[in-house]
Amino acid sequence: MKIKIAPSILSADFSEMGKAVNMTEEAGADLIHCDVMDGSFVEPITFGGQMVKNIRPLTKLPLDCHLMIEHPQTQIKFFAGAGADIITVHYKACKKISEGYLKDTLAMIKSFNIKCGVAINPDVPVENIYDVFPLCDMVLVMSVYPGYGGQKFIPETLEKVKKARAYAVKTGRGDMDIEIDGGVMVENAKTIRDAGANVLVAGSAVFRSPDPAKTIAELKR
Ligand code: DX5
Ligand code: ZN
């Protein structure tokens with residue numbers, strides 16, 4: 001499976017976002033990962049649809065929008081209108097609203113012709129989302145608790161990546177994107193790829209690298 005690297009602009013300098021997007025594309029990134037935080041589902045606030053709208057004309061790469069927000073349905077139209085290519089919502093944010101909210105949200109994203117994903121925190125068993133695998137283009141296994149870049153990778157989450165890949169294969173979705181997010185570094189990338197993840201988010205690894213192109217190549221290799 002093709003390995004894709006999705007640098008997270010959370011680790012970029014927000015006053016130079018255009019440059020950061022251009023730099024990652026030139027360095028060989030496959031997607032731009034946009035970490036949207038609302039100060040409620042997670043403590044910090046980052047940015048909303050306006051940021052996505054502003055960076056959209058700067059790159060051909062797909063914009064991978066990771067919504068760490070409560071009530072994601074209220075924001076889908078803004079991200080869709082801004083030019084998002086993938087919108088991922090959190091299992092926990094949806095489940096606390098109602099049993100059917102997650103499925104409805106995925107259907108809403110698809111109604112805009114955009115790929116959809118579901119994210120699970122390190123303490124959510126992957127089995128909890130097996131029922132939505134057929135509705136998803138991507139599953140996002142969080143390898144840190146969301147909220148901050150630069151955290152340490154939680155190795156126990158690799159077991160969930162393996163289960164997710166095995167379940168995808170078993171259900172005829174072997175080519176499904178399985179993304180991992182948090183603490184991805186050149187040092188642990190091989191173990192992560194071997195576990196079955198094919199989309200690797202990398203914030204600090206890319207933005208703190210003296211040579212982002214080399215780092216991206218090493219994360220893929
Ligand atoms: C965490 C975010 C991640 C994070 C990744 O809440 O969802 O995308 O920015 O950053 P690193 O790679 O530095 O862990
Ligand atoms: Zn993220």
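Please read these numbers as outputs of a predicted model, since none were measured by experiment. (Residues numbered from 1 in each chain as written. Chains lettered and ligands numbered in written order. Predicted model: local features only at pLDDT ≥ 70, side-chain atom pairs only at ≥ 80, totals over all residues. Heavy atoms only, no water.)

### Details of the coordination of the zinc ion (ligand 2)
Here is step 1 of the chain: Protein-derived coordination of the zinc ion (ligand 2) comes from H33 (NE2), D35 (OD), H66 (ND1) and D181 (OD), at a distance range of 2.0 to 2.3 Å.
Here is step 2 of the chain: Bound by six donor atoms, the zinc ion (ligand 2) shows angles of 68 to 170 degrees at the metal and therefore octahedral coordination geometry.
Here is step 3 of the chain: As a motif over one chain, the donors of the zinc ion (ligand 2) read H-x1-D-x30-H-x114-D. Taken together, the residues span a long stretch of sequence, with H66 in strand β3 (residues 63–68) and D181 in strand β7 (residues 177–181) at a distance of 115 residues.
Here is step 4 of the chain: For H66, a relative accessible area of 0% translates into the label buried.
Here is step 5 of the chain: Taking relative accessible area as the criterion, D181 reaches 8% and is therefore assigned buried. (Donors = N, O, S within 2.8 Å, 3.2 Å for Na, K, Ca; no water. Tetrahedral: all angles 85-135°; square planar, octahedral: opposite > 155°, others 65-115°. Helix = DSSP H or I, 4+ residues; strand = E, 2+ residues; numbered from the N terminus. Buried < 20%, exposed > 50% of the residue type's maximum accessible area, 1.4 Å probe, protein only.)

### Description of the site of ligand 1
Here is step 1 of the chain: In the region of ligand 1, 20 residues are neighbours, and D35, G147, D181, G203 and S204 sit closest.
Here is step 2 of the chain: At 2.7 Å from an oxygen atom of ligand 1 is found a main-chain nitrogen or oxygen belonging to G147.
Here is step 3 of the chain: Looking at the shell around ligand 1, the elements with two or more residues in it are β2 (32–37), β3 and β8 (199–202).
Here is step 4 of the chain: Ranked by residues supplied to the shell around ligand 1, first place goes to β2 with three residues.
Here is step 5 of the chain: Grouping the amino acids of the shell around ligand 1 by side-chain chemistry returns eight nonpolar, 10 polar and two charged. (Near = heavy atom within 4 Å. Polar contact = N/O pair within 3.5 Å; in protein donor to acceptor, adjacent residues only side chain to side chain. Nonpolar A, V, L, I, M, F, W, Y, C, P; charged D, E, K, R; others polar.)

### What to know about the environment of F78
Here is step 1 of the chain: Structurally, F78 is set in helix α3 (residues 76–82).
Here is step 2 of the chain: Separated by 13 residues in sequence, F78 and C65 place their C-alpha atoms 12 Å apart.

### Considerations on the sheet that holds strand β5 (residues 115–120)
Here is step 1 of the chain: With parallel pairing, the eight strands of this open sheet are ordered in space as β1-β8-β7-β6-β5-β4-β3-β2. Each having just a single partner strand, β1 (4–7) and β2 make up the two edges of the open sheet. Put simply, the sheet's adjacent strands are angled 25 degrees from each other on average, direction ignored.
Here is step 2 of the chain: Running over the sheet, helix α5 (residues 101–111) touches β4 (86–90) and β5 and is turned about 150 degrees from β5.
Here is step 3 of the chain: Lying on the sheet, helix α9 (residues 212–220) is in contact with β1 and β8; it crosses β1 at an angle near 135 degrees. (Pairing = 2+ DSSP bridges. Axes fitted to C-alpha atoms, helices over the stretch in contact; angles between N-to-C directions. Contact = heavy atoms within 4.5 Å.)

### Quick look at the pattern of salt bridges
Here is step 1 of the chain: Under the definition given, this model contains 15 salt bridges.
Here is step 2 of the chain: Across the pair K92 and D123 runs a salt bridge, and its minimum N-O distance is 2.8 Å. Placement of K92 in helix α4 (residues 91–95) and of D123 in the loop between β5 and β6 (138–142) is noted, with a sequence separation of 31 residues between them.
Here is step 3 of the chain: On the basis of relative accessibility, which here comes to 32%, the residue K92 falls in the partly exposed class.
Here is step 4 of the chain: Linked through salt bridges whose partners overlap, the residues forming this network are K2, D30 and K220. (Salt bridge = Lys/Arg side-chain N within 4 Å of Asp/Glu carboxyl O.)

### Observations concerning the packing of aromatic side chains
Here is step 1 of the chain: Tallied over the entire structure, the rule returns four aromatic pairs.
Here is step 2 of the chain: On the basis of an interplanar angle of 55 degrees and a centroid distance of 5.8 Å, the ring pair of F14 and F47 is categorised as tilted. A residue pair is termed long-range when its members are at least 10 positions apart, and F14 in the loop between β1 and α1 (17–26) and F47 in the loop between β2 and α2 (49–55) qualify at 33 residues.
Here is step 3 of the chain: Under the relative-accessibility criterion, F14 is labelled partly exposed at 37%.
Here is step 4 of the chain: Measuring from ring centre to ring centre gives 5.6 Å for Y130 and F133, while their planes differ by 85 degrees; the resulting arrangement is edge-to-face.
Here is step 5 of the chain: Y130 sits in the buried class, given a relative accessible area of 19%.
Here is step 6 of the chain: Assessed through its relative accessible area of 1%, F133 is described here as buried. (Phe/Tyr/Trp six-rings, centres within 6.5 Å; stacked < 30°, edge-to-face > 60°.)

### Notes on the pairing of β5
For a regular strand, the rule is simple: side chains alternate between the two faces of the sheet.
Here is step 1 of the chain: Within β5, five of the six residues are buried, which leaves it mostly tucked inside the rest of the structure.
Here is step 2 of the chain: Two strands pair when backbone bridges link them, and β4 and β5 are joined in this way by five bridges, in the parallel orientation. Each bridged residue has a counterpart across the sheet, and for I86 the counterpart in β5 is K115.
Here is step 3 of the chain: Where β5 lies against β6, four bridges are found, and the strand directions are parallel. Note on β6: the bridge partner recorded for I120 is V141.

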